[in-house]
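Structure at a glance
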Amino acid sequence: MSIFEWLFEMNSPGPTGDFESGHHRLNWPRIWIVIAGLSSLLFVGFVIYIGPFNRFLHFDAINAVLLTGLIIGYLLVSYYIYPKPNLDNLGFLGFIDNPFRYTDDINRYLLWSQIILFPGKILAIPIVNLWFIFIALKNEKNTID
C-alpha cells in the first residue's frame, strides 16, 4: 500500500468484497451427481496417486502423506470458502492498479483467491454431494429395515 492510497482513501474507502462460507448443494438429478462425483473422485485419486505416491526412484511415505493432506486441505478450503470480490472496484479498466485506492488491491486479492480456489470447487462440490447421496441412501435402507 502506497502513501497515496493511504492518504486518498483514509476517510472514505471504496466498496470491498468479502469471504463467505457455507455449503454448496447441487440441484441436479441424482445420476448426474453420481457421475460428476465419481469422476471427481477418480481425478483426485489419480492426482494423489501420480503426485505423492508414484515415485519411481524412491518412495517417501512422509512426503506422500503430507502432499495428500495438502491436496485434501485445498479441497476442504475450496469447498467451504467463497471469496466474493466487488467487481466494480478493481482499479482502472478492471485490471490496472489504481494508485490512489487501496480497496482495489483488496478486491484484486479476493479475485485471485477466487481464481485459485475455483478448480478445487469444481472437484469438491460433486464429491461432497455424492457423499450426501450415499448417506441418504443408507438412511433410506435403515428406515425400510
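All residue numbers refer to position in the chain's written sequence, counted from 1. For this predicted model, a pLDDT threshold of at least 70 governs which residues receive local features, and a threshold of 80 or more governs which side-chain atom pairs are given and counted, while totals over whole chains, interfaces and linings are taken from all residues. Think of the side-chain values as coming from all heavy atoms in the structure, minus any hydrogens and water.

Focus on the overall build of the chain
Helix and strand counts for the chain come out as four helices and two strands. Strands are runs of DSSP state E lasting at least two residues, helices are runs of H or I lasting at least four, and both sets are numbered from the N terminus onward. Element order for the chain, N to C, with α for helix and β for strand: α-β-α-α-β-α. The burial tally for the chain puts 28% of its 145 residues in the buried class. Contacts in the chain between residues far apart in sequence, at least 24 positions, make up 77% of those at least 6 positions apart. Surface exposure of the chain reaches about 10,200 Å², of which carbon and sulfur atoms provide 71%. For the exposure calls, accessible area comes from a 1.4 Å probe over protein chains only, and a residue counts as buried if that area is under 20% of its type's maximum, exposed if over 50%, partly exposed in between. Only heavy atoms enter the contact rule, under which two residues are in contact if any of them lie within 4.5 Å. Note on areas: these come from Shrake-Rupley sampling with a 1.4 Å probe, and a residue is covered only by the protein chains present in the view.

Structural notes on the pattern of salt bridges
The term salt bridge refers to a side-chain nitrogen of Lys or Arg lying within 4 Å of a carboxyl oxygen of Asp or Glu. Taken as a whole, this structure holds one salt bridge when the rule is applied. In this structure, the salt-bridge partner of Glu140 is Arg30, at a minimum N-O distance of 3.8 Å. Placement of Glu140 in helix 4 (residues 103–144) and of Arg30 in helix 2 (residues 30–53) is noted, with a sequence separation of 110 residues between them. Of the residues examined, Glu140 reaches a relative accessible area of 38% and is grouped as partly exposed.

Considering the nonpolar core
Put simply, a nonpolar core is a bunch of buried Ala, Val, Leu, Ile, Met, Phe, Trp, Tyr and Cys residues held in one set by side-chain atoms that sit within 4.5 Å of each other. The biggest cluster of nonpolar side chains holds 12 residues, and these are Leu26, Ile33, Val44, Ile48, Leu75, Tyr79, Tyr82, Leu123, Ala124, Ile125, Ile127 and Ile133. Counting only elements with at least two residues in this core, the list comes to helix 2, helix 3 (61–80) and helix 4. Element by element, the count of residues in this core is highest for helix 4, at five residues. Not counting the four nearest positions on each side in its chain, Ile33 is found in contact with Leu26, Trp28, Pro126, Asn129, Leu130 and Ile133.

Some thoughts on helix 3
Here a helix's expected span is defined as the number of its residues, less one, multiplied by 1.5 Å. Between the first and last C-alpha of helix 3 there are 28 Å, a value that for 20 residues agrees with the 28 Å anticipated at 1.5 Å per step. Burial in helix 3 covers these residues: Ala64, Thr68, Leu75, Ser78 and Tyr79. Down the axis of helix 3, the smallest arc covering the buried residues is 105°, so these residues share one side. Of the exposed residues in helix 3, those oriented more than 90 degrees away from the buried face are Ile62, Leu66 and Leu70. The directions from the helix axis to the C-beta atoms are what the arc is built from.

With respect to the confidence of the model for the chain
Caution is warranted with low-pLDDT regions, since their predicted coordinates should not be read in detail. Residue-level confidence of the predictor, termed pLDDT, takes values from 0 up to 100. Averaged over the chain, the pLDDT score is 79; the fraction of residues at 70 or greater is 77%. At the low end of the mean pLDDT range in the chain sits helix 1 (residues 3–8), at 55; at the high end sits strand 2 (residues 81–84), at 89.

With respect to the packing of aromatic side chains
Any pair of aromatic rings gets described here by the distance separating the centres and the angle formed by the planes. Put simply, two rings from Phe, Tyr or Trp (the six-membered ring, in Trp's case) pair if the centres are within 6.5 Å, and we call them stacked under 30 degrees between planes, edge-to-face over 60, tilted for the rest. In this structure the tally under the stated criterion is one aromatic pair. Considering the side-chain rings of Tyr79 and Tyr80, the 5.1 Å spacing of their centres and the 80° angle between planes classify their relative orientation as edge-to-face. Given the relative accessible area of 2%, Tyr79 is considered buried. If you follow Lys121 out to its NZ or CZ, it ends over the ring of Tyr82, 4.0 Å from the centre. Two limits define a charge over a ring: the Lys NZ or Arg CZ must be within 6 Å of the ring centre, and within 35 degrees of the ring normal.

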